[in-house]
Amino acid sequence: MGVEVTFLAGGPARTGRFAFWRADGPVPGANDEIVVAVPGARGPRRRRVAARVVGVPEALPDLLDPDGDTASHRAWSAAVLTGLGLVARGRLAPGRTAGGVAAWRALPEPAEADWLRRCAAAMPPEAYAVPVAGAGRILLPSPDTLLSACWDALADTLTRTGEPHAAAEYAGIPVRSADRYAGWLDTVDRELGGRVRLVVRVLPPDEPDGPFAAVLAMRSAADPSLLVELADLWRAPAEVLARFGGDAETDVLLALRRAARVWPALAPALAGTTAESLPLSDDDLDALLGDAGEALAAADVDLLWPAELTERGPRIVGTTRRPAATGPAAFGLDDLLEFEWQGTMDGESLTGDEVAALAEAKRPLIRLRGRWVRVDRSMVARLRARRHRRIGAGEALAAALTGVLSTEDGAVDFRADPVLADLVERIASLPTDVATPPDLAATLRPYQRRGLAWLAGMAGTGLGGCLADDMGLGKTLQVIALHLHRRTLHCGPTLVCCPTSLLGNWEREIQRFAPGTPVRRFHGTARDLGDLAEDEIVLATYGVLRADGARSAASADGSAPAGRSLAARRWGLMVADEAQYAKNPLSRTAKALRSVPAVARVALTGTPVENRLTDLWSIVDWTTPGLLGTLESFRHKVAIPIERYGNADATARLAAVTRPFLLRRRKTDPGIAPELPPKTETDQLVPLTAEQVTLYEAVVRDTMAEIETAQGIARRGLVLKLLTALKQICNHPAQYLGEPGPVAGRSGKVAAVDELLDVILAEGDSVLLFSQYVAMCRLLERHLADRGVPTLLVHGGVPVRQREERVRRFQAGEVPVFLLSLKAAGTGLNLTRASHVVHVDRWWNPAVEDQATDRAYRIGQDRAVQVHRLVTENTVEDRVAKLIADKRKLADAVVGGGETWLADLSDAELADLVALT
Amino acid sequence: MTGPRRRGTDGAATAEIVVPRQPPASRRRFGGTWWGRAWLAALEQQAALDPNRLPRGRTYARSGAVGDMLVRAGSAAARVRGSRPEPYRVVVRVARFGDEDWARVFGAMAGRLGHAAALLDGELPPDVVDDVARAGLSLLPGPRDITVDCTCPDRAVPCKHAAAVCYVLGDLMDTDPFAVLLLRGRGREDVLSALRTLRGNGSGPAAAAGPATVPAADAYARATAPLPRPLPPPAAPGTPVPLPPSDTVDVEALTALATAAAARAAALLG
């Protein structure tokens, strides 16, 4: 006979000990005596034996050998090895004994719990032979409680080997209360699922008319697959508690009481000796499917429905009903579509009999097609209501794009009719390339060709779209190409609405890229739409659009001359440039835009509209009316869920709806960046304000009179004085008049700067603003500060150290706008962070201008730089710019000497140069 | 932490509840539950001869004069500071039910699952008392079930010291109805385990065996299954189960202890 091993559980767990003993004699190293139960002739009897009784650490070396002499040794070796594996996997946590003492415990998972049961069944009596205290019948601790205690002892021992620094209750050997951890330990219990949850399992009847039943069960919070019916708990508590933990019964009883409190139908479960199951009335079923189910969930009670109920039962789909497809023109955004509900289950329509069965069901669950399904009364009501309704084409299109139609009663699936499905298919597979119109006087870059193809496709369907490319990617060019493309299809004239500051630009670009295309400005008091050519482009400002809209509204009786109203005809294409300016849907601009009929509408914007959802709504609701629903419903169902709550479903739905209607390319997109030239230069024509015009004309009139009577040096001086005065007026009246302000609303250039900065800053870019005049820089500095735009200013008077500090801040991205005067343009400024350069006034010296631009564009700068030159339209600036452009083509050096060449012009030449036309 | 603490869970002999001395609280009221009030009513009936000790007892109880109280099967003991420097020793005894009485009590209580649930929930529903009364027993001690003993010279029953202990005991009953059962002789685990056994109806072997022990005779008589092989150890020490965050507990230190233990266990397994 060999040495028997018995575990003596202790409280706290780490005080558990192993006893090594033999029934027939002394054991080496014996240090104690223990009482063990040994078999006798008339049953087991107590015997006092010498034993080596040691703590867990001392016992481990013996027990790590799995091949002991005795069955008890082998059993405890196996237990220790498995328990060490449990601890090695990190399955341990702080806990407390029943007496409130801090102790670690092992957290067996189902595999170990199962192993523990098997080991307990295999343990020889010697392994648990030390009786519990008490006289009379000899009682031994059950093997499974000892195995649990042993694993806890391992966890509570291996954690306590070092010198305790923190959490001494759990790090040191001395027994200490866990009181100060009490609340947290409850949380640990809850989270680690030493706790159990009550489960109410709904059991369908065998007969279709039989009663349902609720079977009560418990499940481990840590291992939800561990599910045991309460009947088993009552019948064999020890076995169940060994798997769930000793507190399981308490937890279940408390949960049952809690559950009966929130749903009194469960109260009978507490009235009997045990609770196993309850019959469920039809009303009970109704309650469980509704309020009671929610209340139980809130009380941490799980409700389990039969698996077949969680599969999709009958559901409702909405569909539009129409005659078979009759071609692309069959879909108009103004249409109202016949709409109806259909019931389906497993992809097949419900028959009339099935709908009737659902409608006549007395209980909330019925058998349909061989399985139990839930009866959704509101769905049945909708299916039974034969009333047809109509929905707007835009709403139907959105539903077809997402597959979901949102109704007052929530989202339902949507099935597109053939025409709609065909349309969705077409916009999903638009051609990615179309032939560049031959009369386009430009070569489109690849992404611009893709843009043209998309615009042509969307305009072709009549659905419209929003081109939201970054500034500088050539939105204007793409639209001009679209106009030329549509001209071949005889779509009719195009109307372009834009801010006043861009009117000149559009005209120049059309003349440049589509020479020969008739273009007219619908502007000024003599504006007229008479004799409009089929392929003409009409340019109108938002201001005129508003005035026009107000006037036609005021004379709805038709007294207004039809030829003068933009809304009086249907345009082949209508374009809203910088469409974000009309973003307030209640504004007169937005209303006026909507009042102009057009076959297709294209919005252009350089700001990232997808980040401002109500702006996006305004733009899309103009290009594609009805697609995003009413503003009110869009706010509630889309904008607020996304912007406030980050709702992923709403985001995905919005993306699905808008994706086809929105084309946005960024300069930094991998597919775009390589296609961009390192530097693009655009002259932006800006109008003068009335104040500027008045000043300009007065100065020209007075000074030209003087010049005509002057000679030589005096004349040169007067000419230069005139030019300087005019440049100052073109910049800002306050600069010419030497006033400190006000700045806003007096200068076309300042307005243009504002518009540019809006887009540039929205894109997160940095910009350099150059002027020859410190005074202009200061006006801009003050103006931008008023608008909340932070700027840095460097001019000739700024000491080197400060200049370097400002350059550093700009380069570090701290401030996105850098104002520089000509005099500051000495060498050595490294301003490569900027990706935009704005020349507020012209240098009239290309070399100087290039040098300024090069501050932003340098070798090593990996972003494309856009140069915007502001030129006041039809002024001396405009004409000199043209002269310079012509001369630059010959040789940059021709005008290298600055502005003195202007002084040598004749009076007539000079008069032509400075006259406002 | 000044709440009552339960000690010993395994049997009547060791089941006890310790109520630490409560700090003075001048506005403390007694008898927050119906069963707590029933206890105080019994006390008042007992004090019919010397009713003026009760208000003083309440004052003592409020002033924190009652030291740590030890409640065991059938009795509650505490020291009470009185007018002399040495505190008086008070023992309050409650008549214990005999084993047969308890069998009837358990029988009555096991009739409804809700009874055990309510007790666990900290409630003693009147139904429990009624069901036990139907079995011919009064669960709540009456005046004759209570005897008090104090080392003070006052001959009144109860004296103000004993009364003070009774008030503190009433407080304990309010928060833990199992205290009533303990005074009648059985601790919480005894009660729960007995009810558990009765619920099992003796129909399953485990239920008959009780939760934590097996008769040695059965142990030596049973056939043992083959020993399962130890479960294989992990390839490397695992990350300890994540513990919930806390403002007051050094979760990081505890996690570090668990991590070190996992490493040690892995090292032992080689």
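Residues numbered from 1 in each chain as written. Chains lettered and ligands numbered in written order. Predicted model: local features only at pLDDT ≥ 70, side-chain atom pairs only at ≥ 80, totals over all residues.

Draft legend 1. Spatial organisation of the sheet that holds strand S1 (residues 4–8) of chain A. Residues and elements named next belong to chain A. Spatially, S1-S2-S4-S3 is the arrangement adopted by the 4 strands of the open sheet, whose pairing is antiparallel. Each edge of the open sheet is held by one strand with a lone partner, namely S1 and strand S3 (32–38). The mean inter-strand angle of the sheet, taken between neighbouring strand axes irrespective of direction, is 45°. As paired elements, S1 and strand S2 (residues 17–21) share 5 bridges and run antiparallel to each other. Pairing of valine 5 across the sheet is with phenylalanine 20, part of S2. Along the sheet, helix H1 (residues 56–63) contacts S2 and strand S4 (45–55); its crossing angle with S4, the most-contacted strand, is approximately 95°. (Pairing = 2+ DSSP bridges. Helix = DSSP H or I, 4+ residues; strand = E, 2+ residues; numbered from the N terminus. Axes fitted to C-alpha atoms, helices over the stretch in contact; angles between N-to-C directions. Contact = placed C-beta atoms within 7 Å.)

Draft legend 2. Structural detail: the interface of chain A and chain B. Taken together, the contact between chain A and chain B spans 80 residues of the former and 64 residues of the latter. Among the elements that make up the side of chain A that touches chain B, the one with the highest residue count is helix H2 (residues 71–88) of chain A (9 residues). Of the residues assigned to the side of chain A that touches chain B, the class counts are 53 nonpolar, 15 polar and 12 charged. Where strand S7 (residues 139–141) of chain A and strand S7 (residues 213–215) of chain B come together, 3 bridges link them in antiparallel fashion. Paired with Leu140(A) across the strands is Val214(B), a residue of S7(B). (Nonpolar A, V, L, I, M, F, W, Y, C, P; charged D, E, K, R; others polar.)

Draft legend 3. Just the nonpolar core, in detail. In terms of nonpolar packing, the biggest core is built from 113 residues, with Met218(A), Val252(A), Leu256(A), Val66(B), Ala164(B), Val165(B) and Val168(B) touching the most fellow members. Element by element, the count of residues in this core is highest for helix H6 (residues 160–175) of chain B, at 10 residues. Leu455(A), Val538(A), Leu539(A) and Val602(A) belong to the second-largest nonpolar core, a separate cluster that totals 85 residues. (Core = buried A, V, L, I, M, F, W, Y, C linked by C-beta atoms within 7 Å. Buried ≥ 20, exposed ≤ 12 C-beta atoms within 10 Å, placed from the backbone.)

Draft legend 4. Examining the confidence of the model for chain B more closely. Residues and elements named next belong to chain B. For chain B, per-residue confidence averages 85 on the pLDDT scale, and 90% of positions sit at 70 or higher. Under a pLDDT of 50 for its full length, residues 8–13 has, in the predicted model, 13 contacts with residues more than four places off or in other chains. This model gives residues 201–211 a pLDDT under 50, and the stretch forms 23 contacts once residues within four places in sequence are excluded. Interface confidence for the predicted complex, expressed as ipTM, amounts to 0.72; the pTM equals 0.51. (pLDDT = per-residue confidence, 0-100.)

Draft legend 5. Representation of the packing of helix H9 (residues 248–262) of chain A against helix H4 (residues 113–120) of chain B in the model. At their nearest, the axes of H9(A) and H4(B) sit 9 Å apart, and the two run at 100° to each other. With respect to H4(B), the element H9(A) is oriented roughly perpendicular. Judged by residue contacts, Thr250(A), Leu253(A), Leu254(A), Leu256(A) and Arg257(A) of H9(A) engage Gly114(B), Ala116(B), Ala117(B), Ala118(B) and Leu120(B) from H4(B). By residue class, the composition of the contact of H9(A) with H4(B) is 7 nonpolar, 2 polar and 1 charged. (Parallel < 35°, antiparallel > 145°, perpendicular 65-115°, else oblique.)

Draft legend 6. The arrangement of the sheet that holds strand S27 (residues 662–663) of chain A in detail. All names here are of chain A. Read across the sheet, 7 strands follow the order S23-S24-S22-S25-S26-S21-S27 without closing on themselves; strand pairing throughout is parallel. Here the strands that pair on one side only, and so sit at the sheet edges, are strand S23 (519–522) and S27. In the sheet, S23 pairs with strand S24 (residues 537–541) via 4 bridges, with the strands oriented parallel. When the sheet's bridge partners are listed, arginine 520 is paired in S24 with valine 538. On the sheet, helix H20 (residues 500–513) packs against strand S22 (494–498), S23 and S24 and is oriented at approximately 165° with respect to S24.

Draft legend 7. Molecular detail of the environment of Trp263(A). Residue and element names in this part refer to chain A. Within the secondary structure layout, tryptophan 263 lies in the loop between H9 and helix H10 (268–271). Of the residues examined, tryptophan 263 has 21 C-beta atoms within 10 Å and is grouped as buried. Expressed as a C-alpha distance, the spacing of tryptophan 263 and leucine 288, which sit 25 residues apart in the sequence, is 9.0 Å. Beyond its immediate stretch of four places on either side in the chain, tryptophan 263 contacts Ala287, Ala292, Ala295 and Leu296.

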